[in-house]
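Residue-level structure breakdown
Here are the chains, one letter per residue:
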Number of protein chains: 4
Amino acid sequence: MAGNTFGQAFRITTAGESHGPGNVVIIDGVPPGIPLSVDDLTVDLDRRRPGQSKIVTQRSEADTPEILSGVFEGHTTGTSLAILVRNQDQRSGDYSDIKDKYRPGHADFTFDAKYGSRDYRGGGRSSARETVARVAAGAVAKKLIAEAFGGRVVGYVQQVGHVVAQVDDPAALTLDDVEKRPDGTPNIVRCPDIAAADRMVELIEECRKAGDSIGGAAEIVATGAPPGLGEPVFDKLKADLAKALFSLPAVLGVEYGIGFGCVTMRGSQHNDLFTAAPQTRGVSNAETDADCGSGDASSSKSPDQARHRVLSPQIVTRSNRHGGMLGGISTGMPIVLRAAVKPTSSLPTEQATVTKHGEPTTISTKGRHDPCLLPRFIPMAEAMVALTLADHWLRWRGQCAAT
Amino acid sequence: MAGNTFGQAFRITTAGESHGPGNVVIIDGVPPGIPLSVDDLTVDLDRRRPGQSKIVTQRSEADTPEILSGVFEGHTTGTSLAILVRNQDQRSGDYSDIKDKYRPGHADFTFDAKYGSRDYRGGGRSSARETVARVAAGAVAKKLIAEAFGGRVVGYVQQVGHVVAQVDDPAALTLDDVEKRPDGTPNIVRCPDIAAADRMVELIEECRKAGDSIGGAAEIVATGAPPGLGEPVFDKLKADLAKALFSLPAVLGVEYGIGFGCVTMRGSQHNDLFTAAPQTRGVSNAETDADCGSGDASSSKSPDQARHRVLSPQIVTRSNRHGGMLGGISTGMPIVLRAAVKPTSSLPTEQATVTKHGEPTTISTKGRHDPCLLPRFIPMAEAMVALTLADHWLRWRGQCAAT
Amino acid sequence: MAGNTFGQAFRITTAGESHGPGNVVIIDGVPPGIPLSVDDLTVDLDRRRPGQSKIVTQRSEADTPEILSGVFEGHTTGTSLAILVRNQDQRSGDYSDIKDKYRPGHADFTFDAKYGSRDYRGGGRSSARETVARVAAGAVAKKLIAEAFGGRVVGYVQQVGHVVAQVDDPAALTLDDVEKRPDGTPNIVRCPDIAAADRMVELIEECRKAGDSIGGAAEIVATGAPPGLGEPVFDKLKADLAKALFSLPAVLGVEYGIGFGCVTMRGSQHNDLFTAAPQTRGVSNAETDADCGSGDASSSKSPDQARHRVLSPQIVTRSNRHGGMLGGISTGMPIVLRAAVKPTSSLPTEQATVTKHGEPTTISTKGRHDPCLLPRFIPMAEAMVALTLADHWLRWRGQCAAT
Amino acid sequence: MAGNTFGQAFRITTAGESHGPGNVVIIDGVPPGIPLSVDDLTVDLDRRRPGQSKIVTQRSEADTPEILSGVFEGHTTGTSLAILVRNQDQRSGDYSDIKDKYRPGHADFTFDAKYGSRDYRGGGRSSARETVARVAAGAVAKKLIAEAFGGRVVGYVQQVGHVVAQVDDPAALTLDDVEKRPDGTPNIVRCPDIAAADRMVELIEECRKAGDSIGGAAEIVATGAPPGLGEPVFDKLKADLAKALFSLPAVLGVEYGIGFGCVTMRGSQHNDLFTAAPQTRGVSNAETDADCGSGDASSSKSPDQARHRVLSPQIVTRSNRHGGMLGGISTGMPIVLRAAVKPTSSLPTEQATVTKHGEPTTISTKGRHDPCLLPRFIPMAEAMVALTLADHWLRWRGQCAAT
C-alpha cells in the first residue's frame, strides 16, 4: 500500500528509480513566503552527489534540480512544491548476467517476493538513488526551520570501522567544520576530527582496493528546536526521527542521547537535572554541564521564542544524556542522534548466491559503488532530520500556538 | 496535531491517562471473522500488569478489559473494535508538593512547554499507563498474524545492567520459555537464561533497595512473516518497527539483526548469502547457518504461503545478520530487534531540580515505581511489533495479493 | 481498511454499535486550554436524543456522556480526548424473524457482502446510533471554533416532503430561533418558519400513522469563518464539507450556495461581485446584497481577525451564490450548505424482500423508528460541519499563520 | 496543511500550476503487473485537452505525458508511478492589468487571504489546469478497475442550461456512445442524446458570442463494481465519491441515485426492493426494473466475483433509486452520480470588482476560456470516480479478501 509519503503537515511524496528518467518529490504543506531558489537546493545535492571525491562512487550525475511548481517570484506559494532531478549516467547496458541473480544484501529477492518482478537495472526503486529526492526536499525543510526557529541540522561521520572521531562539542559544529579541512580543502569523509578523518580515508581506500567495503556511524545534531515539538504517544519526536533515519538505506541501528549506553546505567547516574538557564544565554540549546554536547547559543537564536508558552525563567538541563527529548517531546536542548550504517553490499569480489529459481551461482558487482556509505550518508540523514523537525514544527503550531 | 494513531491499514487510536477514568483503544481495519474474546486480551494484559511480582511497581490494577464494539457472536465484525480498561488504583492524593516541580527524566517540563499546563497527578498522558491500550490492541494483532501466516512474536529480557543473557536460538523461544522457569514457577524477569535471570533479579532488588533503578535491553523476535512485507522507501518494515519501539516510553535505542555491530564490519563479512531452502523445511523462517537465530519450522507454518508470488524453490539466507529485512522488506527469515531501555527516572532518593518558575528545589518520588522497566516492557514491545506486522500484512494484501 | 476516522488535524475516530455496550469517540488534536465539561456536550446530545418528541423514534436513551480523558481541571489538556456514551434501551429481544432477511434500504445486504456476516440486532455499526459519537465530538469542535474565530454553526429543517420553509436570512439564525417557538415551547421539527413547521409536523404525523415515512432537506449555515480555510485542490473546504455531510446516514445529495440552481444560469448572472466591506461592519459575514443570506455582524465577530494576512480594507461579495467558498477556500461570507435526506427505510408496513439465500419473503419493521429523519438530523449535520471547520482552522494555522 | 493527496490505498499526490513548467502526479499503491503505456494515458488526456473543439478554450496544449517511474518493461512495478505533463502554451504575457484585481468567481481573493500572495498569471494552482494530473492518474485507475473487476466509468453531459438530455439506460453507455455521433464524427459536447447535443452546442455558441457562459450538469455511471466497496461510517463510498467530485473546480452540487428527488418522497415509494438475480445475468449490475438505469451484464463481467463472500444466489434490487450504494457500501448495482457545474467565471464582458486594496474597479477576461465547462468536465469527473473505486477496491482487498 501507498508508502512513498513521509510527514503529516510538512509532507513529502517521492517517486523515481536509479535507471529511469529521473526522481521527483512533491512537498506538500510548505508555508508561503519562504525565499527559495534552485541554489538553495544544490548545496546539499552536491554534498550527496556521486563522483564528488575519490572515496565515493564514480557514477557521474550533475543532479541539477528543476522546480516544477510551488515557487513564484522567488518565494514559496504555499501550494505543493515539486522538484525533478533527472538521471543522466544510467549505463543501462547489458544486465543479462545479473538479471536473474539475487545480489546478497540487496532488495532483489524481497522485491521479487513482494511484487512478483523487479527492475533489475541497478536496484530500481530500492537504489539509494531515490535519496536525491529526499535531499532536495530536506533543503526546503532546512530553510523553513532556520526561518521559523533558527534551527540547524549538522551531521558528521563519527566512526568508520574501528576509527572513532573525537568531537568535543557536536552541537557547536557548523557546516564548514564538517565540509572543510583547516586548510580550506574539502573534507571528503565529512569528519571534523582531522586525524580521524585521515585514518578513515585510508581505511576506506584500503577496503576499496581489497574489493571490499566498510561500515560506520554518523552523528546528527539538531540545534535551535524549541521545547514542545513531538507528540506524547505514537508520534513521539524520537519515534519519528528514528523512523526517518531507519527509512534510509543501510541503517541497522539508531540511538539518541546516551543511547545503548543507558543499558548499564543506574537512574541516579542517568537522569539529567533541570536548572535555570543563565540569563545571558539563549534558551534553546544552552548547556551548563560539560559531559554532553553543548550548543553555541548565538548560532541558534530562536526568532519565534516569544510565541512559546513557557518563557521565563528559561529552564535547561545540566547534561544531555536525554538527547534533547523527554517523553518524546523536545526539551530545547540539542537533539543528538546516532545511526549505524552497514558496509556496502555490492562488492566487486565474487560472492555465492542463487538465481531466482533457487539455483546456486556466483555474482560480483562490476559497478561504481561507494566502498563506504558514510560520506554521502550525511546529507541524507540531515535531510530526514530536518524534514521531521519541519513537520513537527507545523504540527505544534497548528495545535498549540497561542492565537 | 493528532498523534495518537498508529498504523495505516490495521490502525489503532488510543486515549487515556494514568489518573483518569481509564484507557481506551479503537482498532480500525480488523478483518472480519477472527475469533476473539476477552480471554484473548488478558494473557498479555496480565503480563503487563503492575503488581505481578516483587520486582515491578506495586500499584494494584486488575486491568480487566471491556470490549465495547467490533465483536459479535465471538468473532470480529470488520468494523471498529473498541476496548476500555478502567483505572482503579489511582491514589489521587495530595500532589501539592510535586505539582510545580519538574521530575528529572520525565515529561513534566516538556508537557508544560508544549501545552502550557499538565496533569500533575502522575504523568497523565505521558505515563506508561497508556501502554495498557497498546497491549490490548497488540493481542488482537497477534491473533490476526497467527491466523494469517502463522506469525508469532516473542520477546525476552536480554540484558539488565551488565548482566547479559545467553540465548542460543532466540527465534525458537516460545511464550512459555520466557514466562516460566524450568520448574514451572513464573520467570518474573522474563529472561530464558535462568542463571542470568537470577542475577538480573538480584541486581534489580539491589537497585530497589538502594533507592535507585537500572537500565536494560530487550530482544524481540518475530517468526513466520512471509517475504514481501514492508514498503521500499519511507514505510520500510524496519522503519515502522523502529518507530513502533521508539514510541514506547524509555526506549533510547533500537537495532535489528547485527545492528550497531555492523559499524566495524566489512561487506565481505557482513553480507548474508542466499541459498535454496531445504525441501523438507518451512519457508518462512528456515535457517541453515548457526550464527544467527533460527526458527522452528513447524511452529510458524504459513497457511497463506500458497498465495505468495515467489514459491518454489524457496530461498533463504545462510545467516541472519540482516535481521529478516532487506531493502526494508521482510525476507522470510526471523525478524530480530533489540531495544535499549533507560533506567526508571522516578527515584525515591532526593534529586535536584527546579520549579516551573525556574527556582531550585529538590524532589523524591514516594511512589510505587518499577526499579527496572524491562520485565513489563516485554509485552509492550511484542504488542508494537505485532501491530506493525498486522498493518504491513494488510497493506501487502491490499496492493499485492494475487486475485 | 480503516475508515472510522474523520479529519486531519482535528481528528475523530469512533466505534460502537446500536446494540453493543456503547459508542465511543476519540478526539485527537484538540488545542489545550479550552474550557470543557460534560454540560457542553449534553446540549447537542439532547437535541439528537431519541424520544425527545412525538415525531421521533421512541427508543429511550439518556445519552449521558462520560469524558474518559483529555480534560483536566475543566480544560482540555491537548492530549487525546475520549467520550463514552453507553447504550441503554437496546431491547435485544428476538431477532430470529429478521436475522436472515435483508431490510430494503438498509445496509444488511451490503454488510453481508462486505464482511461475510453482520450484527443483525438493529443495524450494528450501520445504525444511526453511531452518530451519537459524532455529535459529542461536534460539541467540542463548536467550542473550539467559537473561541478561535467566533464561529457558529446553525442548521434547520428547510423542507419536509413538499412543505418548504421560508427563511429570509439563514445566516442570522440562532440556536434559539431553531429550537424554540415564539412562545418558548420546543420547536420539535426544528424549522424556524413556524407556519411551515406546523405543516411539517402534520405531514410527519400523517406519514407515521400511515405506516410510512417522508424525506426532507436541511440547510446548515456556518458564520464567522475567516477567509482562507480550505486547501486548493483535493481538500477543498467544499469537498471536505460535502464528505462530512454525505458520511451521515440517508444523505443522497449535497449542494452549497446556489447549488444545482447554477445549472441553468449564465456566468453574468451567477458571479458574485466583490466590494469593500462597509467600515462599520464585521468582515467575516458582511453582506451587502439582499439576494442571499446575510450574517449579523455582531454575532460572529472574529477575535482572531487581527492575525489574518489580508486585513484592510476588508473585502466581501455583494451576494452569496458562492456559498462562502471560492476555489474551495472560505471567503469570509456565510457558508451555506443544503442536504437531501431520504425517507426512513424502516417501515412498519410489509415490504417484499429476500433472505440472505435469495429466497423471496416479506419484512416489516416493528420498531421505534423516526417517521422523518430531519429533526434529529440537524445536530448531526451541524456537528459534521463544525468538525470540518475546526480541522481546517488548525490546518490553516499550522501552515499559514504568521509567526 | 498538506492537501494535495487523494486516496488511502491507491493514493495520488499532485503538483503544478497553469503557468509553471508543468503538472506532475505521483500515484502510490498501484498493484504490480498491470500493463501500462503512455498510450493508455492519452485517450483521456485528449478528451480533457484544451483546443479539442470550437466550444472549448482555444489554449493549445499537446498534453503529452511522460512516465517518470513505476513502469518497467510495459508493466507497473508496484512502486510509485510518476507522470509529468509539461505546459506549453502559457502566454505569460503582461499581467499588470489584472495583477491586483480580484476576478469574480475565482480564487484570487481567497488565495491572497490564505497565503498572503498568489500567482497572478492565470490562477496558478487554482486553475483547472491542475486536473491534467488527475486525468492522467485516472487513466491508470481505469486500467486497474477494469482488470480487477471489469469496472467501467462513463460520464456524459446530462444538461446545459435548460437543455436536458434523455438517456434511457445510462449504465449501458459506452465511451463511443458519448464520444461519437452516429455518423462517427466527434460528439463535441459529450451528450449521447443527439438532439439535445445539438441544442447544447447551439446554446454554448450563443453564450460564447454574447461574451457570457453557461452552467450544466454531468452524470457519471460506474458499472461492474462488486458489492462491498466502501466503509460503514466516515469513508462511505458515497462520501468519498462526493468528495472526489466536489474537489473538482466549479462543482456546486452532487447527488447520487434519486438524489434531491428523495426530499418529497415517502419511504414506501423510495425503497428499492431486493430480489434474486436472474440466473442468466451477471451479478454486478443486473437490473430487473425499468425505472432506473440498467447495465449490460455482459459488459461488466467481474473476473473477481469468485472471491466474494456472498455468492449464490446473487441478489439485486428491482430499481436503483439508491444509486448503487446502501449504508455507504456498494450493492453491485450501477453507481450513478450527478454533479452541478457552474457557468465559467471568466467572462470577456466587463464586471465590477475591487483591487486587493479594496478599491472599486472593473475587469474583463481577454482569455481563451471555455464558455461551458461541461464537455471537458466529463473526463475529469470520470477520473475522480475511477480513482475512488480503485482506492476502495484495494482497501476492501486488504481488509476483507478471503485468504
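Above this text is the structure in question.
Residues numbered from 1 in each chain as written. Chains lettered and ligands numbered in written order. Predicted model: local features only at pLDDT ≥ 70, side-chain atom pairs only at ≥ 80, totals over all residues. Heavy atoms only, no water.

The next subject is the overall build of chain A. On a plain count of helices and strands, chain A comes out with eight helices and 18 strands. Relative to its full complement of 403 residues, chain A shows a buried share of 70%. A sequence separation of at least 24 residues applies to 73% of the contacts in chain A between residues at least 6 apart. Just so you have it, chain A exposes about 11,500 Å², and 49% of that area is on carbon and sulfur atoms. (Helix = DSSP H or I, 4+ residues; strand = E, 2+ residues; numbered from the N terminus. Buried < 20%, exposed > 50% of the residue type's maximum accessible area, 1.4 Å probe, protein only. Contact = heavy atoms within 4.5 Å. Areas by Shrake-Rupley, 256 points an atom, 1.4 Å probe, with all protein chains shown as cover.)

Turning next to the pairing of strand β18 (residues 360–363) of chain B. Residues and elements named next belong to chain B. As paired elements, strand β17 (residues 351–354) and β18 share four bridges and run antiparallel to each other. Across the sheet, Q351 pairs through a bridge with I363, a residue of β18. Between β17 and β18, which follow one another and run antiparallel, lie five residues, and G358 among them has a positive phi close to 90°. (Pairing = 2+ DSSP bridges.)

As a further point, take the packing of aromatic side chains. Aromatic rings in a pair are described by how distant their centres are and how their planes are angled relative to each other. Residue and element names in this part refer to chain B. Evaluated as defined, the whole model comprises 38 aromatic pairs over all chains. Judged by centre distance (5.4 Å) and plane angle (25°), the rings of W393 and W396 are stacked. On the criterion of helical spacing, the pair formed by W393 and W396 is a turn pair, its members being three residues apart in helix α8 (residues 374–400). For the pair W393 and W396, a shared accessibility class is recorded, and that class is buried. (Phe/Tyr/Trp six-rings, centres within 6.5 Å; stacked < 30°, edge-to-face > 60°.)

In this assembly, 21 residues from chain D lie in contact with 21 residues from chain B. Interface area, chain D with chain B, both sides summed: about 1,500 Å², of which 51% is carbon and sulfur. Taken together, chain D and chain B are joined by zero salt bridges. On the surface where chain D and chain B come into contact, there are 11 residue pairs in polar contact (both at pLDDT 80 or more). Of the residues forming the side of chain D that touches chain B, the biggest block, six residues, is contributed by helix α8 (residues 374–400) of chain D. In terms of residue class, the side of chain D that touches chain B is built from nine nonpolar, seven polar and five charged. (Buried area = accessible area lost by both parts, 1.4 Å probe. Salt bridge = Lys/Arg side-chain N within 4 Å of Asp/Glu carboxyl O. Polar contact = N/O pair within 3.5 Å; in protein donor to acceptor, adjacent residues only side chain to side chain. Nonpolar A, V, L, I, M, F, W, Y, C, P; charged D, E, K, R; others polar.)

What follows covers the packing of helix α6 (residues 237–246) of chain A against helix α8 (residues 374–400) of chain A. Between two packed helices, the angle of one axis relative to the other and the distance separating the axes together describe the packing. Residues and elements named next belong to chain A. At a minimum axis distance of 9 Å, the contact between α6 and α8 shows a crossing angle of 145°. The element α6 and its partner α8 pack so that their crossing is right-handed. Contact with α6, carried on its side by L237, D240, L241, A244 and L245, involves A381, M384, V385, T388, L389, H392 and R395 of α8 and no other residues of that element. Grouping the constituent residues of the contact of α6 with α8 by class yields eight nonpolar, two polar and two charged. (Axes fitted to C-alpha atoms, helices over the stretch in contact; angles between N-to-C directions. Left-handed = near helix turned anticlockwise from the far one by under 90°.)

This paragraph deals with the relation of the copies chain D and chain B. Of the transformation superimposing chain D on chain B, the axial component is 0.0 Å and the angular component is 180°, with the fit at an RMSD of 0.0 Å. The superposition of one copy onto the other is thereby described by a two-fold rotation axis. For chain D, the minimum C-alpha distance to the rotation axis belongs to D:G398 and amounts to 1.8 Å. Of the interface residues in chain D, 100% have counterparts in chain B that sit at the interface too, so the contact is made through matching surfaces. (Least-squares fit on C-alpha atoms with pLDDT ≥ 70 in both.)

Residue-level contacts link 116 residues of chain D with 116 residues of chain C. At the boundary of chain D with chain C, total buried surface from both sides reaches about 9,200 Å², with 64% on carbon and sulfur atoms. The largest per-residue losses of area from chain D upon contact with chain C belong to D:M1, D:K114 and D:F234, which jointly make up 10% of the total buried on that side. Here D:E206 ties to C:R266 by a salt bridge, and the two come within 2.9 Å at their closest N and O atoms. Remark: the boundary between chain D and chain C carries 51 residue pairs in polar contact (both at pLDDT 80 or more). Ranked by residue count, the leading element in the side of chain D that touches chain C is helix α2 (residues 108–115) of chain D, at seven residues. Here the residues of the side of chain D that touches chain C sort into 55 nonpolar, 38 polar and 23 charged. Of the pairings in the sheet, the one linking strand β11 (residues 251–256) of chain C to strand β11 (residues 251–256) of chain D comprises three bridges and is antiparallel in character. Looking at β11(D), one finds that C:V254 is bridged to D:V254.

Turning our eyes to something else, we now look at the side chain of A:T344. Within the secondary structure, A:T344 is located in the loop between β16 (335–341) and β17 (351–354). The residues touching A:T344, leaving out its near neighbours within four places in the chain, are A:S213, A:H369, A:D370, A:P371, A:C372, A:L373 and B:G267.

Among the 10 residues in helix α6 (residues 237–246) of chain D, 10 count as buried, and that is most of the element. Considered for burial, the residues of α6(D) that qualify are D:L237, D:K238, D:A239, D:D240, D:L241, D:A242, D:K243, D:A244, D:L245 and D:F246.

For the rest of this paragraph, the subject is the relation of the copies chain D and chain C. Screw-axis analysis of chain D against chain C gives a translation of 0.0 Å along the axis, an RMSD of 0.0 Å, and a rotation angle of 180°. Comparing interface residues between copies, 100% of those in chain D also sit at the interface in chain C, which points to an isologous, same-surface contact.

The next subject is the state of the cysteines. Per the stated rule, a full pass over the model turns up zero disulfides over all chains. A:C207 supplies the cysteine sulfur nearest to A:C372, a cysteine that is in no disulfide, at a spacing of 7.9 Å. With a relative accessible area of 1%, A:C372 lands in the buried category. Summary of cysteine pairing: A:C400 is not part of a disulfide, and the nearest cysteine sulfur, belonging to C:C400, is at 18 Å. By relative accessible area, A:C400 is classed as buried at 0%. (Disulfide = S-S within 2.5 Å.)

Let us look at the sheet that holds strand β7 (residues 81–86) of chain C. All names here are of chain C. If you walk across this open sheet you meet the five strands as β1-β2-β3-β7-β4, and the pairing is antiparallel. Each edge of the open sheet is held by one strand with a lone partner, namely β1 (5–6) and β4 (65–67). With six bridges connecting them, strand β2 (residues 11–16) and strand β3 (residues 22–28) associate as antiparallel partners. Each residue of the ladder has a partner; that of G16, found in β3, is N23. Its contacts with the sheet place helix α1 (residues 38–48) against β4 and β7, and it is angled at close to 150° to β4.

Residue and element names in this part refer to chain C. For the pair helix α3 (residues 131–149) and helix α8 (residues 374–400), the least separation of the axes is 7 Å and the interaxial angle reads 50°. Accordingly, the angle class assigned to the pair α3 and α8 is oblique. Between α3 and α8 the crossing geometry is left-handed. Residues T131, R134, V135, A137, G138, A141, K142, L144, I145, A148 and F149 of α3 form the contact with α8, whose participating residues are P379, M380, E382, A383, M384, A386, L387, L389, A390, W393 and L394. A breakdown of the residues in the contact of α3 with α8 according to their chemical character gives 17 nonpolar, two polar and three charged. (Parallel < 35°, antiparallel > 145°, perpendicular 65-115°, else oblique.)

We now examine α2(D). With eight of its eight residues buried, α2(D) lies for the most part within the structure. On the buried face of α2(D), the contacting elements are β12 (274–276), β13 (315–317), β14 (325–326), β15 (329–330) and α8 of chain C. D:G116 sits one or two positions beyond α2(D) and adopts a positive phi of about 85°.

Before going further, it helps to examine the pattern of salt bridges. Residues and elements named next belong to chain A. Enumeration over the complete set of coordinates arrives at 132 salt bridges over all chains. With its nearest N and O atoms 2.8 Å apart, the salt bridge here joins R134 to E130. Both residues of the pair, R134 and E130, count as buried. Connected through salt bridges with shared partners, the residues D44, R47, K142, E179, R190 and E382 form a single ionic network.

When you line up the elements, C:K236 lands in the loop between β10 (216–223) and α6 (237–246). For the buried C:K236, no salt bridge exists, and the shortest N-O distance to an oppositely charged side chain is 4.3 Å, to D:E130. Of note is the side chain of C:K236, whose polar atom sits 2.8 Å from the backbone oxygen of D:S247. Not counting chain neighbours up to four residues away, the residues in contact with C:K236 comprise C:E231, C:G327, C:G328, D:E130, D:R134, D:F246, D:S247, D:L248 and D:P249. (Lys, Arg positive; Asp, Glu negative; His and termini not counted.)

With that out of the way, let us pick up the environment of B:L252. Along the chain, B:L252 turns up in strand β11 (residues 251–256). Sequence-wise, B:L252 and B:K342 are 90 residues apart; in three dimensions their C-alpha atoms are separated by 6.7 Å. With sequence-adjacent residues up to four places away left out, B:L252 is seen in contact with A:V254, A:E255, A:Y256, A:I258, A:G259, A:C262, A:H270, B:F246, B:A340 and B:K342.

Residue and element names in this part refer to chain D. Read from one edge to the other, the open sheet built from five strands follows the order β1-β2-β3-β7-β4, with strand pairing classed as antiparallel. Looking at which strands have only one partner, the edges of the open sheet turn out to be β1 (5–6) and β4 (65–67). In this sheet, strand β7 (residues 81–86) lies alongside β4 in antiparallel orientation, the contact comprising three bridges. From the neighbouring strand, P65 faces β7, where its bridge partner is V85.

Following the sequence through the fold, B:P31 ends up in the loop between β3 (22–28) and α1 (38–48). Between the alpha carbons of B:P31 and B:F10 there is a distance of 8.8 Å; along the sequence they are 21 residues apart. B:P31 has contacts with B:T76, B:G78, B:L144, B:L394, B:R397 and D:Q399, leaving out every residue within four places of it along the chain.

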